[in-house]
Structures are given as C-alpha cells and as structure tokens.
Amino acid sequence: MLDEHSLNRVFVLGKSCSGKTTYWINRIKSYNCEYIFVYDPELQFARKVNRRACCTPEECFESAMNKRLVIFDPYKMFGSDQVAGLNWFAGWVLAFCSKAPGVKVFGVDEIQRYVKGGASKLSPEMQDIWQIGRRYGIDCLVTSNSPSKLHSDLRLHLTELVCFRFDDAFALAWLKKNGVNPNTVKNLKYPGGFISEKLG
C-alpha cells in the first residue's frame, strides 16, 4: 500500500482526430511506473505498441508478471458487453495492485463509451479504482471527446486536464469553469496542439 502516493487522475479531452488518442498512448508508454494496465476493446493500443492483448484472467496475470504490461481485450469473456468488460478489468486490476509494489497506471480511451454520464450510478469497480486506487499506487489516464460525457463522479477527482482544440460551447464553458481560457483552446493548432492544466 502506498499511503503517500500522490493521486493522479488525468483527463485528456479533444474532438475526433485532434491527436488526443496518440497523446494518450505515448504518455502511457512513457509513464514512470512499475505496471501498465490498458482496457483496449478496439485493440488500438495493442496495435500501436505491437503487443498481444490478454483475453482471460490467466493471461492478464501472466502478462503482468512477465511484461509489467496488461492490455485487456474483453471480447472472449464478455462479447459485445464492453461495459461489463471494463468493470471486470477494473476489479481485477485493483485486486492485483493491492498486492503489487510501486506505482501503476490504468488507462481507458474514450471512457464515455463504457462509463455513462448523467444520473447513472458509477459501478462499484470503477468507483473503487478511481477513488481508493491511490492506496495501491494506481494512477488513471483516460480520454473523452466531451467533458459532458464524463461521469460526474469521475470529474470530481480529476487532478490534470490535457485539452486539445475544441469549439463546442458546453466544453468551452466547462473548461472556463475549471480555470482554462476558452479562447486559448479555440485557437490551438489542429490537429496536435494542446495545453495541460493542473486541477484542484
């Protein structure tokens, strides 16, 4: 347990083709940590890093122990139910990390596809990994194409915002509320330009 670990909950925000997923992949690849866990139902991360995704608990454990990298493809276990796949993986990661040393990073691209916003309740697995994962050194790095689609319970615990160019009115209003100049965001280079702001 890492009682002194500084919680990192990073939100990478950007519209389609802005460069956010490329940034997300590169940041995870270079993350200063002992273990990397990536939920990857589209196999985008696996292809970019030229690694085979894990499809079972046994494969996840073997990959974690041998490579310190677990890329989970939920299809074999959950079919098209990618929400159930993420919940299972989050629970597995938390259980593994409770017994593993060092800092870890948990990554999800386009998290709004699997964790719905609005009035829906955050799953116990995601709530645990997001809120108490710091006990076990788990940082989280997620992307979304709009802050309105990020569950409110997740938004509350963000520590860093990485923002690519946006011109959506709601997104710009949310950014302003969180201390980011909307004019700067609107004028970022597209694609590829971004700003990073610490929150809280």
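Quick caveat: nothing in here was measured; it's all calculated off a predicted structure. Note that residues are indexed from 1 along each chain, following the sequence as it is written. Thresholds applied to this predicted model are a pLDDT of at least 70 for local features of residues and 80 or more for the giving and counting of side-chain atom pairs; totals over whole chains, interfaces and linings are not thresholded and use all residues. Computation of side-chain values: all heavy atoms of the structure, hydrogens and water removed.

1. Here we look at the side chain of lysine 104
Among the structural elements, lysine 104 can be located in strand E4 (residues 104-108). Exposure is judged per residue with a 1.4 Å probe applied to protein chains only, and the accessible area is read against the type maximum: over 50% gives exposed, under 20% gives buried, and values in between give partly exposed. Asp and Glu are treated as the negative residues and Lys and Arg as the positive ones, with His and the ends of the chain left uncounted. Should a side-chain nitrogen of Lys or Arg be within 4 Å of a carboxyl oxygen of Asp or Glu, the pair is scored as a salt bridge. Notably, lysine 104 is buried but unbridged: the nearest opposite-charge side chain belongs to glutamate 34, and the N-O separation is 8.9 Å. Among the polar contacts listed, one links the side chain of lysine 104 to the backbone oxygen of alanine 100, at a separation of 2.7 Å. Distance and chemistry together define a polar contact, namely a pair of N or O atoms within 3.5 Å, with one atom able to donate a hydrogen and the other to accept it when in protein, and with adjacent residues in sequence counting only for side-chain atoms on both sides. A polar contact of 2.8 Å, which involves the side chain of lysine 104, links it to the backbone oxygen of glycine 102. Leave out the neighbours within four places in its chain, and lysine 104 touches Cys33, Tyr35, Phe37, Cys97, Tyr136, Gly137, Ile138 and Asp139. Put simply, DSSP H or I for four residues or longer makes a helix, DSSP E for two residues or longer makes a strand, and each gets a number counted from the N terminus. The contact criterion used throughout is that any non-hydrogen atoms of two residues lie within 4.5 Å.

2. Describing the sheet that holds strand E6 (residues 160-164)
Strand pairing requires that DSSP identify at least two bridges connecting the strands. The seven strands are arranged E3-E2-E4-E5-E1-E6-E7 in an open sheet whose pairing can be described as mixed. Each of the sheet's edge strands pairs with one partner strand only, and the pair in question is strand E3 (69-72) and strand E7 (194-198). For this sheet, the mean angle separating the axes of adjacent strands, direction not counted, is 15°. Two strands pair when backbone bridges link them, and strand E2 (residues 35-39) and E3 are joined in this way by four bridges, in the parallel orientation. Among the inter-strand pairings, valine 38 is bridged to a residue of E3, identified as isoleucine 71. Lines fitted to C-alpha atoms define the axes here, with helix axes fitted over just the stretch in contact, and angles between the N-to-C directions of these axes take values from 0 to 180 degrees. Relative to the sheet, helix H1 (residues 20-29) contacts strand E1 (9-13), E2, E4, strand E5 (138-144), E6 and E7, its axis offset from that of E5 by approximately 165°. Running at roughly 115° to E5, helix H6 (residues 124-131) makes contact with E1, E4 and E5 of the sheet.

3. A word on the packing of helix H3 (residues 57-67) against helix H5 (residues 82-97)
In contact at an axis separation of 12 Å, H3 and H5 are set at 45° when each is read in the N-to-C sense. The angle between the axes of H3 and H5 places the two elements in the oblique class. Relative to H5, the crossing made by H3 is right-handed. Residues Pro57, Cys60, Phe61, Ala64 and Met65 of H3 lie in contact with H5, whose contacting residues are Trp88, Phe89, Trp92 and Phe96. Any residue outside Ala, Val, Leu, Ile, Met, Phe, Trp, Tyr, Cys, Pro, Asp, Glu, Lys and Arg is labelled polar, Gly included; the first ten of those are nonpolar and the last four are charged. Partitioned by chemical class, the residues of the contact of H3 with H5 number nine nonpolar, no polar and no charged. The labels follow the angle: roughly parallel below 35 degrees, roughly antiparallel above 145, roughly perpendicular from 65 to 115, and oblique for the rest. It is the rotation of the near helix from the far one that decides the hand of a crossing: anticlockwise by less than a right angle makes it left-handed, clockwise makes it right-handed.

4. What about H1?
Among the 10 residues in H1, seven count as buried, and that is most of the element. Within the sequence span of H1, burial applies to Lys20, Thr21, Tyr23, Trp24, Ile25, Arg27 and Ile28.

As far as function goes, none of this settles anything; it's purely spatial.
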